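Summary of the model geometry
For reference, the chains in residue letters:
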Amino acid sequence: MSHITIDGQVVPFEEGQTIIEAATAAGVYIPHLCHNPEYAPHGSCKLCTVNVNGRNATACTFPAVEGQTVCNNTEELNFDRKRLTQMLFVEGNHFCPSCEKSGNCELQAVGYHLNMLDNHYPHFFALRDLDSSHPDLLLDRNRCIFCNLCVRASHADGKDVFAIAGRGINKHLIVNSASGNLGDSDINVDDRAAHICPTGAILVKGTAFKVPIGQRRYDHHDICDMSAGEQHGE
Amino acid sequence: MESFINHTLKKYQDCATPLLMVLREVQAQYFHIPKLAVDLISQQLGVSRTQIIAVVEFYSFLSFESRGHYDILLSDSITDIMLGKQDVADYLCQKLHTPLGTVRADRLVSIDNTSCTGLCDQGPAALVNGHAIAYLTPERIDRMVAAIEHNISVSDWDSDLLAVDDNIHQAGLLLTAELAHGAALQAALQRGLTETLDEIKTAGLRGRGGAGFTTAMKWQFCRDTEASQRYVVCNADEGEPGTFKDRVLLNSYAHELIEGMTLCGAIIGATQGFIYLRGEYLHLYEPLLAVLAQRRSAGLLGDNILDQGLDFDITIQLGLGAYICGEESALIESLEGKRGIPRNRPPYPVTSGYLNKPTVVNNVETFVAAAHIALQGGAWFAAHGTEQSTGTKILSISGDCAKAGIYEYPFGTSIRQILNDCGADDVLGVQVGGPSGTFICDTEFDRVLGFEDLATGGSFIIFNTSRSIFDIVQNFTHFFAHESCGFCTPCRVGTSLLKKQFDKICTGHGSSGDVRELQEIAQLIKTTSHCGLGQTAAQPIITTLERYPELYNQKIKQISFEPGFDLDGALAIARQLSGRDDSNAHLAQVEEE
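Residues numbered from 1 in each chain as written. Chains lettered and ligands numbered in written order. Predicted model: local features only at pLDDT ≥ 70, side-chain atom pairs only at ≥ 80, totals over all residues. Heavy atoms only, no water.

**Observations concerning the pairing of strand β2 (residues 9-13) of chain A**
For clarity, the cut-off: Strands were regarded as paired on the criterion that DSSP finds at least two bridges between them. Strands are runs of DSSP state E lasting at least 2 residues, helices are runs of H or I lasting at least 4, and numbering of each runs from the N terminus.
Bridge analysis of strand β1 (residues 2-6) of chain A against β2(A) gives five bridges, and the strand direction is antiparallel. Looking at β2(A), one finds that I4(A) is bridged to V11(A).

See below:
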């Protein structure tokens, strides 16, 4: 079997695996948000940036190649990741104390993991639409981080409910229905797309506080200590 | 509307890939993209409604909101501003009774800014319904206004209003070499295609877009990839502010370009080529179509070229105002009818490009050079330039000089000589390679053109000592924030943060930690962004901070705390709402002594 090294640890990989796939299989955590092993990699959040043979690369898209020397859990990379996470926080409107997803949110969990204690950057206070038109689902664009997971999951569901539109800082999530509202789309509460959101942008109505805050997934465990499935909310 | 949409779709074979061409025509017809058109196109092409909406929202020249019947876009490049853009904008807006950024009530006119239109040697410039108008002066504006108020279609305007000059001031190796139509192809077929590829290798030709990848190697990779179809794409989307040399090549050297593309098709085994022409060069679209037609009837394009059993044809697709589409994989996405989002690499286009088939994407100048090399041989080309950068480079020179325009130099030429030739005095510095390149100051003029020193796609903007570094950097920094595609976090959020942070310092609201913070954001964008746009977006700040740290520090307030925001600025909305502007409605950032 072929091998790469991550922070000095020898990690085996199979032909065709990306760096993050090899790392996950070996129990090495690389922080990420837009990556989910169920779907084709996207490579947009850049949290999984690692240093491969001296150059930065995106671990979720970059193929593992025999003999690569990968730096992952370094002070510099974790600092950059913290700053990228802070960028996501100030770009949208993420107010953890009042968010139903608090404790189960991957964005928040990655923030905890990276020891993020403030937002650092000035807030954008973006005006984003909230869509409560669906009987079972709520779409709160204030919390969308453009990970594209709902888009990919909906395609895998055999539907095409979500898409990303707009350019640059005006990027936003849109819904495929005549009115543009979720209630008029063909999404169903049982779709994978309804449950894939790493933040609180897509929520199932009536379930917000079934598990009390304080007893949730990331309230007592660092995301890096969880299995790949648990990290992504299973 | 249904019959117009059907007719337009038919023109493009009811195919989803030329979606941008279809939407361009819809926009021209209705002055916006009607929601009904989205539904009709979606049904006919089987493309989801959301993909069409996403495309409309992505490209600057498309809009869901109605534009005026005469949509005027003023080039906002630093070079246009230096040529007096602000004054002509004020004059135009006043004459048409239409403030910048608005649509007139009668819907006849709308006026807005746009990124560099590639007329930096003849600015200030504008696009009117896509048609380029150069040398804006009050006199010419009066004539434009009269034509608009009389509802004369732009294509019927006086030809001198629509004229675009080549302004070639120094022709070198490529611009003087003769090439009879078909001569390069004939030479290549006689010598053998593999042998001709070897000549290109010998020539040492590297990509002229700026990155400098070895052309022969790119063609070889593509040729060696197993595939049922391969493609040749000409990147004619020069959007780097200050670049306009491809405009001149496309205008006066189109045969050389198309011959180079055909040669590439023959060598790599492609039968289809594309010219991705930036939307700002709409005035070149019809002339290019005519050259293609002329070459088809001469047996130099199409089926059985030169009776040698060679098939190759070319389609032109127009861009719609997105700088990012100059990035080759974003360009390919755009050619496929999508948003211009750069792809993850690997795979590279040479193995998986257009429709996931092996694709060569090269700059206009690269194809022109390849055509000449096929005729003259590799040694002819390699005899010029330097060891690592053979041949010549065509520069687009603009800014503070006596003769702005096109200059061709062998690589290795010093900046000093170039400045002498174009008549630049009292020079503060030069932006080599455009905003994504390097700002060099007056102590560096012995540096030379070349991949080993100053690489450039052709942009060369000269600033004299009357110019402010901050005006220049601010224009560039705003440009990148506007043009970021938004795919990755560092570029999407980072370029906007950089803009805010730079403006804060620029307007005198920065304090001691703010330059350090600016530097930190700049580095983060550079090292973690997805593509070249983000990786170079902070270059104007990084390169000027290196050279003029004292200028930045002079902008900083000498106060012991770091205000998080501009106190007085935060009251602007309150002042507007209350209609007040007295002294009590303003707050100083620091309490007066």
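After that view, the rundown keeps rolling.
**A short note on the packing of aromatic side chains**
Residue and element names in this part refer to chain B. Quick note on the threshold: For Phe, Tyr and Trp, rings pair up if their centres lie within 6.5 Å, where Trp contributes its six-membered ring, and each pair is then called stacked (planes under 30 degrees apart), edge-to-face (over 60) or tilted (otherwise). Residue burial is assigned from relative accessible area. The probe radius is 1.4 Å, only protein chains are included, and a residue is buried under 20% of its type maximum, exposed over 50%, and partly exposed in between.
What the rule picks out here adds up to 18 aromatic pairs over all chains. A ring pair is formed by F411 and F451, whose centres lie 5.4 Å apart and whose planes are at 40°; its orientation type is tilted. With F411 in the loop between β13 (405-410) and α19 (415-421) and F451 in the loop between β15 (438-441) and β16 (459-464), this residue pair connects regions lying 40 residues apart in the sequence. Taking the relative accessible area as the measure of exposure, F411 reaches 5% and is therefore buried. Between F479 and F480, the aromatic rings sit 5.2 Å apart at their centres with planes inclined by 65°, giving edge-to-face as the arrangement. For F480, a relative accessible area of 0% corresponds to the buried category.

**Structural notes on the interface of chain A and chain B**
Rule in force here: Residue contacts are defined here by distance: any two heavy atoms, one from each residue, within 4.5 Å place the two residues in contact. Buried area is calculated as the accessible area (1.4 Å probe) missing from two parts once they are joined, with the contributions of both summed. Any Lys or Arg side-chain nitrogen found within 4 Å of a carboxyl oxygen on Asp or Glu counts as a salt bridge. Polar contacts, as counted here, are pairs of nitrogen or oxygen atoms within 3.5 Å of one another; within protein the pair requires one atom able to donate a hydrogen and one able to accept it, and residues that are adjacent in sequence qualify only if both atoms are side-chain atoms.
Counting residues at the interface gives 39 residues for chain A and 38 residues for chain B. Between chain A and chain B, the buried area comes to about 3,100 Å², and carbon and sulfur atoms account for 56% of it. Ranking the residues of chain A by area buried against chain B places K46(A), M87(A) and R167(A) at the top, with a combined share of 23%. Between the two partners, chain A and chain B, sit three salt bridges. Between R492(B) and E91(A) there is a salt bridge whose closest N-O contact spans 2.6 Å. Inspection of the chain A/chain B interface yields 21 residue pairs in polar contact (both at pLDDT 80 or more). Of all the secondary-structure elements, those providing two or more residues to the side of chain A that touches chain B are α2 (75-91), β8 (162-165) and β9 (172-175) of chain A. Top element by residues in the side of chain A that touches chain B is α2(A). It accounts for seven residues.

**Thoughts on the pattern of salt bridges**
A full pass over the atoms with the stated rule returns 41 salt bridges over all chains. A salt bridge links D191(A) to K159(A), with the shortest nitrogen-to-oxygen separation between them at 2.9 Å. Taken as a pair, D191(A) in the loop between β9 and β10 (202-204) and K159(A) in the loop between α4 (149-156) and β8 lie far apart in primary sequence, 32 residues in all. You can call K159(A) partly exposed: its relative accessible area is 22%. Where salt bridges share partners, they join E139(B), R140(B), R143(B), D158(B) and D160(B) into one cluster.

**Concerning the domain arrangement of chain A**
Residue and element names in this part refer to chain A. Inclusion rule: As annotated, the domain borders come from an automatic or database domain assignment.
Domain boundaries in chain A define domain 1 (2-73) and domain 2 (82-231). Here the C-alpha centroids of domain 1 and domain 2 sit 24 Å apart. Counting residues at the interface gives 16 residues for domain 1 and 22 residues for domain 2. For the pair domain 1 and domain 2, the two sides together bury roughly 1,600 Å², of which 66% comes from carbon and sulfur. In this assembly, domain 1 and domain 2 are joined by one salt bridge. Measuring nitrogen to oxygen at the nearest pair gives 2.6 Å for the salt bridge that ties R192 to E38.

**Quick notes on the sheet that holds strand β6 (residues 130-131) of chain A**
Residue and element names in this part refer to chain A. Read from one edge of the open sheet, three strands run β6-β7-β10, paired in antiparallel fashion. Each edge of the open sheet carries a strand with a single partner, namely β6 and β10. Taken together, the three bridges between strand β7 (residues 137-140) and β10 define a ladder with antiparallel strand orientation. Across the sheet, the residue bridging to L139 is I202, located in β10.

**Some thoughts on the packing of helix α1 (residues 2-11) of chain B against helix α2 (residues 19-30) of chain B**
Residues and elements named next belong to chain B. Rule in force here: For helices, the fitted line uses only the C-alpha atoms of the stretch in contact; every axis is such a line through C-alpha atoms, and the angle between N-to-C directions lies from 0 to 180 degrees. Rotating anticlockwise by less than a right angle from the far helix to the near helix defines a left-handed crossing, while the corresponding clockwise rotation defines a right-handed one. Gly is placed with the polar residues, together with every amino acid not listed as nonpolar (Ala, Val, Leu, Ile, Met, Phe, Trp, Tyr, Cys and Pro) or charged (Asp, Glu, Lys and Arg).
With their axes 10 Å apart at the nearest point, α1 and α2 run at an angle of 145° to one another. α1 and α2 meet at a crossing whose hand is right-handed. On α2, the residues that touch F4, I5, T8, L9 and K11 of α1 are V22, E25, V26, Q29 and Y30. Here the contact of α1 with α2 is built from residues that sort into six nonpolar, two polar and two charged.

**Some words on the environment of S511(B)**
Position of S511(B) relative to the elements: it lies in the loop between α21 (489-506) and α22 (514-528). Using a relative accessible area of 0% as the deciding quantity, one classes S511(B) as buried.

**Regarding unusual backbone geometry**
All names here are of chain B. Residue P124 is bonded to the preceding G123 through a cis peptide linkage, with omega at -5°. With respect to the helices and strands, P124 occurs in the loop between β3 (109-114) and β4 (126-128). Cis geometry marks the peptide bond from R345 to P346, where omega comes out at -5°. Relative to the assigned elements, P346 resides in the loop between α16 (328-335) and β11 (359-363). Non-glycine residue D14 carries a positive phi angle of around 50°.

**Section: helix α15 (residues 285-297) of chain B**
All names here are of chain B. Rules: A helix's residues, less one, multiplied by 1.5 Å, set its expected span.
For α15, with 13 residues, the first-to-last C-alpha span of 19 Å sits near the 18 Å given by 1.5 Å per residue. Buried residues belonging to α15 abut α2, α10 (183-191), α13 (245-252), α14 (254-268), β8 (272-277) and β10 (310-318). Looking one or two places after α15, you find G299, whose phi comes out positive at around 75°.

**So, the domain arrangement of chain B**
Residue and element names in this part refer to chain B. Annotation of chain B at the domain level lists domain 1 (2-58), domain 2 (70-165), domain 3 (169-382), domain 4 (397-465), domain 5 (470-554) and domain 6 (567-593). One C-alpha centre belongs to domain 2, the other to domain 5, and the line joining them spans 30 Å. Listed as interface residues are five residues of domain 2 and, on the opposing side, seven residues of domain 5. Here domain 2 packs against domain 5, burying approximately 360 Å² in sum over the two surfaces, 58% of which is carbon and sulfur. On the domain 2 side of the contact with domain 5, D76, I78 and S115 bury the most area, a combined 90% of that side's loss. At the junction of domain 2 with domain 5, the criterion picks out zero salt bridges.

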